[in-house]
Structures are given as structure tokens and as C-alpha cells.
Amino acid sequence: MKKVLVTGGLGFIGSHFIHYMLTNYPNCEVYNLDARTYAGKLENAAEAESSPRYHYYEGNILDVDLVEKIFAKGIDTVVHFAAESHVDRSIQSPEIFVESNVLGTLRLLEAAKKYKVSRFVHISTDEVYGTLGPTGAFTEQTPLAPNSPYSASKAGSDFIARSYYETYGLPVMITRCSNNYGPKQLPEKWIPVVITKALKNEKIPVYGDGQNVRDWLYVEDHCRGIDHVLQFGKPGEVYNIGGNNERTNLDIAKSILKRMGKPESLLEFVPDRLGHDRRYAIDASKLKRETGWEPLVPFEEGLRRTIDWYKRRMS
């Protein structure tokens, strides 16, 4: 990996991945293409700005001319994070999600094919699998059954990415991760919602009965997982990345409030959202078996780091 294109590198996970690459690969140049939507902030990649190996391009992955200009720099590896990613927003404006997540991915795949990149990692989500019952876990063989416009658009982009391996032999790999958490995440996601509202002593809305279950993955562990796929993954394959941290939304909220010394009376149950999947759980044994990856940050430690970051941010 000499020249890596990271799309969506001003976002939560993308910015962490850029920092990871610049820190762990001293001979690697990182090119960041980000449209600076509400989810992409320059400050997220501020640490990278001082490195001569970091190159930022503001623009949209749908911009064919800009995409080709960047690939012409000699890009050999692509890690594709850029996506519209909030379920509630997708319910209100599904067209934007299809355009960005499906057509945008196609634009990148076309450029990657033209410039013969050696690795293309498409970052997806466990939400493409749909919902689980009280037992079992998603494997890479679980049929896709998305239940929201967001997850449907991600499933569509997965299929497009897969087709470029099967049809053109492009070395595409797909990762599907569980819910990420950590510093710099937007306060529209569950953990930062609870933390930021608790810091302001505001009511915290809990959808439905709060018993929806998610598997939580610390963002640094996710970055390491992607790196392992880049190093040891097989083109054409899908790899699940999970944290083995299944918890209900209500349990998460109560744990945060207890750690912050805030009362549970801040919790306020509200009507459930449309298409709200009941349970996700990731089986990441394939990634562990084939690449040696495993999560290293215990949930309580990751939660402590995350709360501390928001406290410093909002003090």
C-alpha cells in the first residue's frame, strides 16, 4: 500500500482510519476525498494536516472528473467509507441515499477498474442483513434482507461492488461491521446522543421499549479489522467485523448515565421509529480465522474513552 484513497475521510470512522494508516504505515500516502456534508468535518482529520503524506480533496464521489484526477495520482488501494448513513434521514429522503451510496460506489468502481487498483475495500454494515430473533448471529452467508432505505442502499452498493469482482476481476472485498462507537462520532448516533444530552441534563429519547439489541465495536478495533482485510483478505470475499458486545439500547443508556452520575429519570420513552430492526449480532469468526484479527478494546474501556472525549469537548 503506497497510495491509499480513503473516501469519506472527514467522517467519524474514515478520519480514525486515516490517523491509523498514517501512524502505522510510515511510507504510505493517504488521499482523502470528502464532500464535507454535515457528517464530514475538517477538524476530524486535523491531526493528519501536518503530515506531508496526507492529501485532502473536497468533492463528491459522484464527480467523475475529480475522481479520475485523484486516481491518476497512482492510487493503488481504495477504502470506501463515503456514504449517507443515518436511518432516520433515509426514511425522510431515500433518494439521496440511493444516489450517493449506490451510484457513488459505481463511479469509484469504474475508476478503480480503469486504473487497475490492487485492493478495493467497500465498507458496508450489518444492517444489510435485516433483523435477528433472540438467538443466532449474522454470518457472511446470511441472506441480505434490508429493512430501511439506508440499509437497502448499502445492500445495493454491496451487490454492485461484488459484481465488479465477478465480472471484471477487480480485487474487491466487502466488510460489514456492527455498530461503531468512540470519539468524534456525530451526536445523532445512540451513544453520543445519550452522552451529550446527559451532559446538558436534557431528556434522552428512547425508541419503543428500548430493548433493541446491537453489537458494539470500538472504532479503533474497526480500523484494525479493515487493515487486516487489506493485508490478508481474499478478493471477492465478505468479512464481518464485530465486537462481541451485544447490549440493548436501554442498557447502554443506563450504563452511560451511571458512569456519568446522572439520574435515569432523564430517559424518556418515545414512539418507535419505522423499520426499527430488533436485534443485530455479528459472527466475526471468519475474519479472526483468516486474518488473526480480534477486538482489543473492552466495552467499558471504550465507553470511558468516549465519555471523556465528549466531556472535554463540551467543557
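Look above for the structure.
Below is a short write-up of the structure. (Residues numbered from 1 in each chain as written. Predicted model: local features only at pLDDT ≥ 70, side-chain atom pairs only at ≥ 80, totals over all residues. Heavy atoms only, no water.)

Next up on the list: unusual backbone geometry. With phi around 80°, lysine 184 is a residue other than glycine that occupies positive phi space. Of note, lysine 184 is situated in the loop between strand 7 (179-181) and helix 6 (190-199). Non-glycine residue asparagine 201 carries a positive phi angle of around 55°. Residue position: asparagine 201 is located in the loop between helix 6 and strand 8 (204-207). The class of asparagine 201 is partly exposed, set by a relative accessible area of 48%. (Helix = DSSP H or I, 4+ residues; strand = E, 2+ residues; numbered from the N terminus. Buried < 20%, exposed > 50% of the residue type's maximum accessible area, 1.4 Å probe, protein only.)

Here we come to the packing of helix 6 against helix 10 (residues 299-314). Contact geometry of helix 6 with helix 10 gives a least axis separation of 10 Å together with a crossing angle of 45°. Considering their axes alone, helix 6 and helix 10 lie oblique with respect to each other. Crossing handedness for the pair helix 6 and helix 10: right-handed. Contact residues: Ile191, Pro192, Ile195, Thr196 and Leu199 in helix 6; Phe299, Leu303, Thr306, Ile307, Tyr310, Lys311 and Met314 in helix 10. Considered class by class, the residues forming the contact of helix 6 with helix 10 number 9 nonpolar, 2 polar and 1 charged. (Axes fitted to C-alpha atoms, helices over the stretch in contact; angles between N-to-C directions. Parallel < 35°, antiparallel > 145°, perpendicular 65-115°, else oblique. Left-handed = near helix turned anticlockwise from the far one by under 90°. Contact = heavy atoms within 4.5 Å. Nonpolar A, V, L, I, M, F, W, Y, C, P; charged D, E, K, R; others polar.)

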